[in-house]
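Structural description and commentary
Take a look at the letters that make up each chain.
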Protein chains: 2
Amino acid sequence: MSNDVHLKEALDTLKTTGVRITPQRHAILEYLINSMIHPTADDIYKALEDKFPNMSVATVYNNLRVFREVGLVKELTYGDAASRFDFVTNDHYHMICESCGKIVDFHYPGLNEVEQFASHVTGFQVNSHRLEVYGTCQNCLTGQNKQAL
Amino acid sequence: MSNDVHLKEALDTLKTTGVRITPQRHAILEYLINSMIHPTADDIYKALEDKFPNMSVATVYNNLRVFREVGLVKELTYGDAASRFDFVTNDHYHMICESCGKIVDFHYPGLNEVEQFASHVTGFQVNSHRLEVYGTCQNCLTGQNKQAL
DNA sequence: ACACTAATTATAACGATTATAAATTAAATT
DNA sequence: AATTTAATTTATAATCGTTATAATTAGTGT
């Protein structure tokens, strides 16, 4: 599915949910959809400061929260470090480079059985799960491109 | 394996690694091993303030970092919210109640194949993975014990 | 017991995120 | 198109978890 369609559908979702479509929201969504880097709030803020010189960081955070609540966006949290935001398309997991911080999507089928198993042993009603794989990317393995996570 | 043995082994690990065993470290380790709540740094700080009225929060954080580096402790990060710390015994995953924040351990075999698969598709060299299942615990399902996460 | 170095303490600083209040604006209604 | 109103944005300050700093204290091998 093309990015244009994704954007159009996202805007529809907002309309349906009664969330106003402001230029800032439009731009943030567009950036999120086209971005491949799983950006932080600050990445987005910086990327849009040419188009919106007066936009506040709070606006970015506020709208990312709105998008998350509506289900358009997933927040990936990393302790003290800044959260990264991911436009929701279809289910995928993340492979994270511990050397340079790069995040690569990968698809993997049914971890439903893990959910079922966990539900059975703990007695919890399961809603979702989170899986991340950590390692080192090819770039970092061959020595180039070192930078802090 | 009993908690006493765990503590003794942990102290051995420290000795072997050349990490000094201070009363504070002893107490933090002991608390971590006996605690079932996957405490935050602040939980630990508060729990030990009777025994160590002059202990600094920094000491707790410093030592948790040391323990993590030596492999005795795992840090579970949750975005803006405080990290929780888990004494490493054998491999297990976490079931997290989204209503009250309770964390329950559960064991599950080989997710190695996921690691292998991910490594294959992404070209990363895999080090580890993280899996968490989210849901609602029995207590919260039946309505009691509501509190913020 | 001594000396050497690491660990602790107290405090300030940091960075990500959120709360607040005033100003602006999207969009429903006329 | 003008009006209205509540939602949104902005600017700023505040919050909270965590880390850096520098001075003091205390483990541990000799």
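Up top you'll find the structure we're talking about.
A few words on the environment of Phe-85 of chain B. Residue and element names in this part refer to chain B. Here Phe-85 is to be found in strand 2 (residues 81-87). Separated by 68 residues in the primary sequence, Phe-85 and Thr-17 place their C-alpha atoms 20 Å from one another. With sequence-adjacent residues up to four places away left out, Phe-85 is seen in contact with Leu-32, His-38, Pro-39, Thr-40, Ala-41, Leu-64, Val-73, Lys-74 and Glu-75.

Near DNA strand D lie 21 residues; those nearest to it are Thr-22, Arg-25, Asn-54 and Thr-59 of chain A together with Tyr-61 of chain B. The sugar-phosphate share of atoms of DNA strand D within 4 Å of the protein amounts to 77%. Between DNA strand D and the protein, one listed contact pairs a sugar or linking oxygen with a side-chain N or O atom of Arg-20 of chain A at 3.3 Å. The separation between a phosphate oxygen of DNA strand D and a polar main-chain atom of Asn-54 of chain A is 2.9 Å. Top element by residues in the surface near DNA strand D is helix 4 (residues 57-70) of chain A. It accounts for 4 residues. Looking at the surface near DNA strand D residue by residue, the classes come out as 8 nonpolar, 8 polar and 5 charged.

With 28 residues, the main nonpolar core has Phe-106 and Leu-111 of chain A together with Phe-106 and Leu-111 of chain B as its most contacted residues. Where this core is concerned, the elements lending two or more residues are strand 3 (93-97), helix 5 (112-122) and strand 5 (125-136) of chain A together with strand 3 (93-97), helix 5 (112-122) and strand 5 (125-136) of chain B. Residues within four places of Leu-111 of chain B in sequence aside, it is in contact with Val-114 of chain A together with Tyr-93, His-129 and Leu-131 of chain B.

Our focus in this paragraph is the relation of the copies chain B and chain A. Taken as rigid bodies, chain B and chain A are interconverted by a rotation of 180 degrees and an axial shift of 0.0 Å, the fit giving an RMSD of 0.1 Å. Classification of the inter-copy transformation places it as that of a two-fold axis. The share of interface residues of chain B whose copies in chain A are also at the interface is 100%, consistent with both copies meeting through the same surface.

What counts and what doesn't
- Residues numbered from 1 in each chain as written.
- Chains lettered and ligands numbered in written order.
- Predicted model: local features only at pLDDT ≥ 70, side-chain atom pairs only at ≥ 80, totals over all residues.
- Heavy atoms only, no water.
- Helix = DSSP H or I, 4+ residues; strand = E, 2+ residues; numbered from the N terminus.
- Contact = heavy atoms within 4.5 Å.
- Near = heavy atom within 4 Å.
- Polar contact = N/O pair within 3.5 Å; in protein donor to acceptor, adjacent residues only side chain to side chain.
- Nonpolar A, V, L, I, M, F, W, Y, C, P; charged D, E, K, R; others polar.
- Core = buried A, V, L, I, M, F, W, Y, C linked by side-chain atoms within 4.5 Å.
- Buried < 20%, exposed > 50% of the residue type's maximum accessible area, 1.4 Å probe, protein only.
- Least-squares fit on C-alpha atoms with pLDDT ≥ 70 in both.

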